[in-house]
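A look at the structure
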Amino acid sequence: METLCKTDRTALVEACRQGDRSAQYELYRLYSKSMYNVCYRILNHTAEAEDVLQDAFVKFFQRIHEFRQESTVGAYLKQIVVNEALNRLRQRRVQLVEIEENFDMPFEAAAEPDEWEVSHVRAAMMKLPDGFRTVLTLHLLEEYSHDEIAEMLQISASTSRTQFMRAKNKLREMLSQY
């Protein structure tokens, strides 16, 4: 597959601003698979992930005139995708429980076996409760900081860290069954 350099993507963005449908399709083609994966990891539901992906691209193309190219197209689009997925989760009323700042979570440093299959990890992640899976996905896979996650989910950074630790522990527990 051919990759486009930044100038080519800048030209695509400019063409999209002019309403060029083929440029819109090309940006969609370039980013839809990775953005779908972000949606799916957060939502854990195929149809919802597809809906959110489409909504995010519509919003992206509606707001393309606001894109100042201070970041990459992918980063700008990813922020829209994550926000749309989180909004969908809020519609489901995902509850992340606020905890006390001084809460000490016992952490068992279990050695992760080398033989864990990617498919087992993926399957176990999808079985996590929405709150755990969301924080784990945003921090571990999408590389958002706990402060950023806290702002997105409207929780405290300590709640984000605790949810992350609980999610990791629950994931280890689930994987130990394989």
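These numbers were taken from a predicted model, which means no experiment stands behind them. (Residues numbered from 1 in each chain as written. Predicted model: local features only at pLDDT ≥ 70, side-chain atom pairs only at ≥ 80, totals over all residues. Heavy atoms only, no water.)

Once that is clear, we can look at the overall build of the chain. Along the chain, the regular secondary structure elements total 8 helices and 0 strands. When the helices and strands of the chain are listed from N to C terminus, the series reads α-α-α-α-α-α-α-α. In the chain, the share of contacts with a sequence separation of at least 24, taken over all contacts with a separation of at least 6, comes to 72%. (Helix = DSSP H or I, 4+ residues; strand = E, 2+ residues; numbered from the N terminus. Contact = heavy atoms within 4.5 Å.)

Looking now at unusual backbone geometry. Phi is positive for Asn 44, close to 60°, though the residue is something other than glycine. Summarising the element assignment, Asn 44 is placed in the loop between α2 (21-43) and α3 (46-62). Backbone geometry places Gln 154, a non-glycine residue, at a positive phi of 60°. Take Gln 154: it is sitting in the loop between α7 (146-153) and α8 (157-175).

Along the chain, Arg 88 turns up in helix α4 (residues 73-91). With near-sequence residues (within four places) excluded, Arg 88 lies in contact with Leu 43, Glu 48, Asp 51, Val 52 and Asp 55.

Taking 1.5 Å as the rise per residue, helix α6 (residues 130-141) with 12 residues should run 16 Å; its terminal C-alpha atoms sit 15 Å apart, in good agreement. Here α6 has its buried residues at Gly 131, Phe 132, Arg 133, Thr 134, Val 135, Leu 136, Thr 137 and Leu 138. Buried residues along α6 sit in contact with α2, α4, α5 (118-127), α7 and α8. Following α6 by one or two positions, Glu 143 has its phi on the positive side, about 60°. (Expected span 1.5 Å × (residues − 1). Buried < 20%, exposed > 50% of the residue type's maximum accessible area, 1.4 Å probe, protein only.)

The next thing to look at is the side chain of Glu 48. Its location among the elements puts Glu 48 in helix α3. Ignoring any residue separated from it by four or fewer positions in sequence, one finds Glu 48 in contact with Leu 43, Arg 88 and Arg 92.

Take the packing of aromatic side chains next. Per the stated rule, a full pass over the model turns up 7 aromatic pairs. With 5.1 Å between their ring centres and 65° between their planes, Phe 60 and Phe 61 make a pair best called edge-to-face. A residue is classified by how much of its surface remains accessible, and Phe 60, at 1% relative accessible area, is buried. Ring geometry for Phe 67 against Tyr 76: centres 4.9 Å apart, planes inclined by 40°, an arrangement best described as tilted. Given the relative accessible area of 3%, Phe 67 is considered buried. (Phe/Tyr/Trp six-rings, centres within 6.5 Å; stacked < 30°, edge-to-face > 60°.)

Turning to the confidence of the model for the chain, a few remarks are in order. Put simply, the chain has an average pLDDT of 84, and 82% of its residues get 70 or more. Of all secondary-structure elements in the chain, the lowest mean pLDDT belongs to helix α1 (residues 6-17), at 84, while α3 reaches the highest, 96. Considering only residues more than four positions removed or in separate chains, one finds that residues 1-5, a stretch of pLDDT under 50, has 5 contacts. Per-residue pLDDT stays below 50 along residues 100-113; that stretch engages in 15 contacts with residues further than four places along the chain or on separate chains. (pLDDT = per-residue confidence, 0-100.)

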